[in-house]
Amino acid sequence: MRVYVPLTLSGLARLHESGEVGPAPLTAYAVTPALREWYLSGGEEELEYAALSRAAAASLRLVATDPEVARRRVVLAAEVPDRAAVADPDLTLAVEALGEVRIAEVVPLRWLAAVHVDAEEAADDIALAAAAVGAADQGDDDARFTVDGAADHELLWYGVQEIDGLL
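Sequence positions are assigned chain by chain, starting from 1 and proceeding in written order. In keeping with the predicted nature of the model, local features appear solely for residues at pLDDT of at least 70, side-chain atom pairs appear and are counted solely at 80 or more, and the whole-chain, interface and lining totals rest on all residues. Only hydrogens and water are removed before side-chain values are computed, so all heavy atoms of the structure are retained for them.

> I'd love a proper account of the overall build of the chain, names of residues and values included.
In terms of helices and strands, the chain carries six helices and nine strands. On the principal axes, the C-alpha backbone points of the chain span a range of 40 × 40 × 25 Å. When the 167 residues of the chain are sorted by exposure, 45% land in the buried category. Only heavy atoms enter the contact rule, under which two residues are in contact if any of them lie within 4.5 Å. The long-range fraction of contacts in the chain, counting pairs at least 24 apart against all pairs at least 6 apart in sequence, stands at 75%. Surface exposure of the chain reaches about 9000 Å², of which carbon and sulfur atoms provide 52%. Under the convention used here, Asp and Glu are negative, Lys and Arg are positive, and both His and the chain ends fall outside the count. Just so you know, the charge point we use is NZ for Lys, CZ for Arg, CG for Asp and CD for Glu. Of the side-chain charges in the chain, 12 are positive and 30 negative, and the distance between the mean point of each set is 5 Å. The helix and strand labels rest on DSSP assignments: H or I over at least four residues marks a helix, E over at least two residues marks a strand, and numbering proceeds from the N terminus. Note on exposure labels: buried denotes an accessible area under 20% of the residue type's maximum, exposed denotes more than 50%, and partly exposed covers the range between, all computed with a 1.4 Å probe on protein chains only. Note on areas: these come from Shrake-Rupley sampling with a 1.4 Å probe, and a residue is covered only by the protein chains present in the view.

> Which residues make up the packing of helix α4 (residues 123–137) against helix α5 (residues 141–149), and what values go with them?
Remark: α4 packs on α5, axes separated minimally by 8 Å, with the N-to-C direction vectors making an angle of 140°. One element, α4, and the other, α5, form an angle in the oblique class. Relative to α5, α4 is oriented so that their crossing is left-handed. Counting all contacts with α4, which are made through Leu 128, Ala 129, Ala 132, Val 133, Ala 135, Ala 136 and Asp 137, the residues of α5 involved are Ala 143, Arg 144, Thr 146 and Val 147. Side-chain classes are defined by residue name, with Ala, Val, Leu, Ile, Met, Phe, Trp, Tyr, Cys and Pro counting as nonpolar, Asp, Glu, Lys and Arg as charged, and the others, Gly among them, as polar. Tallied by class, residues from the contact of α4 with α5 come to eight nonpolar, one polar and two charged. Inter-axis angles, ranging from 0 to 180 degrees, are taken between N-to-C directions of lines fitted to C-alpha atoms, where helices are fitted over the stretch in contact. Small angles under 35 degrees read as roughly parallel and large ones over 145 as roughly antiparallel, with 65 to 115 read as roughly perpendicular and the rest as oblique. A crossing counts as left-handed when the near helix is turned anticlockwise from the far one by less than a right angle, and as right-handed when that turn is clockwise.

> A description of the confidence of the model for the chain should follow, citing residues and the corresponding values.
Scored between 0 and 100, pLDDT is the confidence that the predictor attaches to each residue. Averaged over every residue, the pLDDT of the chain is 91; residues scoring 70 or more account for 96%. Of all the helices and strands in the chain, helix α2 (residues 33–38) carries the lowest mean pLDDT, 82, while strand β4 (residues 74–79) carries the highest, 97.

> Could you give me a rundown of the pairing of β4, with the residues and numbers involved?
The element β4 is largely enclosed, with a buried count of five among its six residues. Across six bridges, the pairing between strand β1 (residues 2–7) and β4 is antiparallel. Across the sheet, the residue bridging to Val 3 is Ala 78, located in β4. Where β4 and strand β8 (residues 112–117) come together, five bridges link them in antiparallel fashion. Note that in β8 the partner of Leu 76 across the bridge is Val 115. Strand pairing is assigned whenever DSSP detects at least two bridges linking the two strands.

> Explain the nonpolar core residue by residue, including any values.
Within the largest apolar cluster, 26 residues are counted, with the highest numbers of intra-cluster contacts made by Val 3, Leu 12, Val 21, Leu 76, Ile 103, Val 107 and Val 115. At the level of elements, β1, α1 (9–18), β3 (26–30), β4, β6 (100–103), β8 and α6 (163–166) are the ones that each hand at least two residues to this core. What Ile 103 contacts, discounting residues up to four positions off in sequence, is Val 3, Val 5, Ala 24, Pro 25, Leu 26, Ala 28, Ala 84 and Ala 85. Judged by nonpolar contacts, the second largest core, of 17 residues, contains Ala 50, Leu 52, Ala 55 and Ala 58. Only buried residues count toward a nonpolar core. Its members are Ala, Val, Leu, Ile, Met, Phe, Trp, Tyr and Cys residues joined through side-chain atoms within 4.5 Å.

> Residues and numbers for α1, please.
Inspection of α1 places Leu 9, Gly 11, Leu 12 and Leu 15 among the buried residues, and these make up the whole buried set. In a view along the axis of α1, the buried residues occupy a sector of 155°, so they form one face of it. In this structure, α1 carries Arg 14 and Glu 17 as exposed residues pointing more than 90 degrees from its buried face. The inward-facing, buried residues of α1 contact β1, β2 (20–21), β4, β8 and α6. The first or second residue beyond α1 is Gly 19, which carries a positive phi of 85°. Here the arc refers to the directions that run from the helix axis out to each C-beta atom.

> Help me get a handle on a negative patch on the surface, residues and values and all.
Surface patches are drawn from residues lacking salt bridges whose relative accessible area is over 30%; two like charges belong together within 9 Å, two nonpolar side chains (Val, Leu, Ile, Met, Phe, Trp, Tyr) within 5 Å. A carboxyl oxygen of Asp or Glu within 4 Å of a side-chain nitrogen of Lys or Arg is what we treat as a salt bridge. On the surface, Asp 124, Asp 125, Asp 152 and Glu 154 cluster together into a patch of negative charge. The topology assignment puts Asp 125 in helix α4.

> Let's hear about the pattern of salt bridges: which residues, and what values?
Scanning the model with the defined rule gives eight salt bridges in all. Residues participating in the shared-partner salt-bridge network are Arg 61, Asp 137, Arg 144 and Asp 148.

The structure is reproduced here in structure tokens:
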């Protein structure tokens, strides 16, 4: 199963040092039956993009919780055994949890297919969006607009062998 694991650049550095993402359980995003049902139309590629986008939003939340990390979103694309990623049955109808899965074990580097990272030019907008997440969650429309603006920046694709250069 292809999953998208939200991280920060600091988390990517830890992966580079240790050779794995953990500890388990990890929250990731995938094309789940609930995500498939929500999007009713669209091919597999569009559904994968929706899961990636949800992981990017989760990465923004990770950035928002740590003022020390670089203001860039990071998402790992990984191929995990089907048994390792499970959707919470209690959250299948929750819109905010669409595509969310729990990975029951650490994700070793060998499972990674790609790394998606914001360009350096996105850092200012990501910083603004990270600062606005709390207010957006409280219903502030201006803050929601700022947070949604982070999605205007497409994550760049990198091969796993390029992690060292990203850091």
